[in-house]
Amino acid sequence: MLSKRLLCCSEMLRGRVLADIGTDHAKLPISVVSSGRCDRAYACDIALGPLSFAKKNISDAGLEDRIVTILSDGFENLSDWSITDVVIAGMGGEMIRDILEKGGDKARKVNLILQPNTRAWELVDWLTRNGFEVIRQKAVADGKFIYPVINARYTGIEEILTQAECLAVGLDLGESISGKYLSAQVKRLRDAADGMRRGVSPDGDLLRELEATADEIEKLLREVK
């Protein structure tokens, strides 16, 4: 059974060959291959421990002929470029950004599905500045938190967005979960600003940026209502 986040990732697949970077126990590859959503998959991880669990789960599912485990730092050891989709989920946005940056041309040739646990706007900022289009962004409630799942593809068109635009780009603002996600971002920004004010020597420029971003998001939410 996939978590809501991984289920959302699976719904953004566009092709038939998946590479799951940071696969952990290979739940996503097993699900999409066993259901017929993908013909084959690569379950990739930087550590041998998770890969050993992944191999056992793949074997238990009887899918050794269709899911290959690869010890790899990001895209490094991926060499089959019939791969259509790459999922990177459950990491910080800055880590996903670094994986994409090191991936180079490999990252630019596939449909990307990214699920950052933190610093999502920084990931989107990097994507749009480096020629990737955010096709869709969906907010997903999973446990106590709401996470974004980002579908992106390289177009070569670079764009500079504000922090608020990075958080909102591709979201369906008509969905109530999108409003809840953005409202949570406003609270995070306001809390950070309040904490900074209580500090000994607050950074005035950063404080103004936090408040301006929160104001911009609130304006978006008011326009939707």
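Heads up: the structure comes first, above all this text.
Before going into details, it helps to say that this report is about the structure given with it.

Conventions we followed
- Residues numbered from 1 in each chain as written.
- Predicted model: local features only at pLDDT ≥ 70, side-chain atom pairs only at ≥ 80, totals over all residues.
- Heavy atoms only, no water.
- Axes fitted to C-alpha atoms, helices over the stretch in contact; angles between N-to-C directions.
- Helix = DSSP H or I, 4+ residues; strand = E, 2+ residues; numbered from the N terminus.
- Parallel < 35°, antiparallel > 145°, perpendicular 65-115°, else oblique.
- Left-handed = near helix turned anticlockwise from the far one by under 90°.
- Contact = heavy atoms within 4.5 Å.
- Nonpolar A, V, L, I, M, F, W, Y, C, P; charged D, E, K, R; others polar.
- Phe/Tyr/Trp six-rings, centres within 6.5 Å; stacked < 30°, edge-to-face > 60°.
- Buried < 20%, exposed > 50% of the residue type's maximum accessible area, 1.4 Å probe, protein only.
- Lys NZ or Arg CZ within 6 Å of the ring centre and 35° of its normal.
- Polar contact = N/O pair within 3.5 Å; in protein donor to acceptor, adjacent residues only side chain to side chain.
- Salt bridge = Lys/Arg side-chain N within 4 Å of Asp/Glu carboxyl O.

## Observations concerning the packing of helix α8 (residues 176-197) against helix α9 (residues 204-224)
A pair of packed helices is characterised by two quantities: the angle between their axes and the separation of those axes. Running from amino to carboxyl end, α8 crosses α9 at an angle of 155 degrees, the nearest separation of the two axes being 9 Å. Looking at the two axes, α8 sits roughly antiparallel to α9. In this structure, α8 meets α9 at a crossing whose hand is left-handed. Of the residues in α9, those in contact with G179, L182, S183, Q185, V186, L189, R190, A192, A193, M196 and R197 of α8 are L206, L207, L210, E211, T213, A214, D215, I217, E218 and L221. The class makeup of the residues in the contact of α8 with α9 is 12 nonpolar, four polar and five charged.

## Points about the packing of aromatic side chains
Aromatic ring pairs are reported here in terms of the distance separating the ring centres and the angle at which the planes meet. Applying the stated rule across the entire model yields three aromatic pairs. For the ring pair F145 and Y147, a centre distance of 6.3 Å and an interplane angle of 65 degrees mean the geometry is edge-to-face. Owing to a relative accessible area of 12%, Y147 belongs among the buried residues under this scheme. By the ring-pair criterion, three or more aromatic residues cluster together here, those being W126, F132 and Y154. The side chain of R5 reaches across the aromatic face of Y147, ending 4.1 Å from its centre. The ring of Y154 carries R108 above its face, with NZ or CZ at 5.7 Å from the centroid.

## A few points about the environment of T162
Checked against the element boundaries, T162 lands in the loop between β7 (145-154) and α7 (163-168). Accessibility expressed as a relative area gives 33% for T162, which makes it partly exposed. Separated by 12 residues in the primary sequence, T162 and I150 have C-alpha atoms spaced 17 Å apart. In this structure the side chain of T162 is engaged in a polar contact, spanning 3.0 Å, whose partner is the side chain of E216.

## Here's the deal with the pattern of salt bridges
This model, assessed by the stated rule, comprises 16 salt bridges. The partner of D142 in a salt bridge is R5, and the shortest N-O contact between them spans 3.2 Å. Taken together, the residues span a long stretch of sequence, with D142 in strand β6 (residues 132-142) and R5 in helix α1 (residues 4-11) at a distance of 137 residues. One salt bridge connects R129 with D125, and the closest N-O pair in it is separated by 2.9 Å. A residue pair is termed a helical-turn pair when its members lie 3 or 4 positions apart in one helix, as R129 and D125 do in helix α6 (residues 120-129) at four residues. Given the relative accessible area of 38%, R129 is considered partly exposed. Among the ionic contacts, a cluster of salt bridges with common partners joins R190, D215 and E218.

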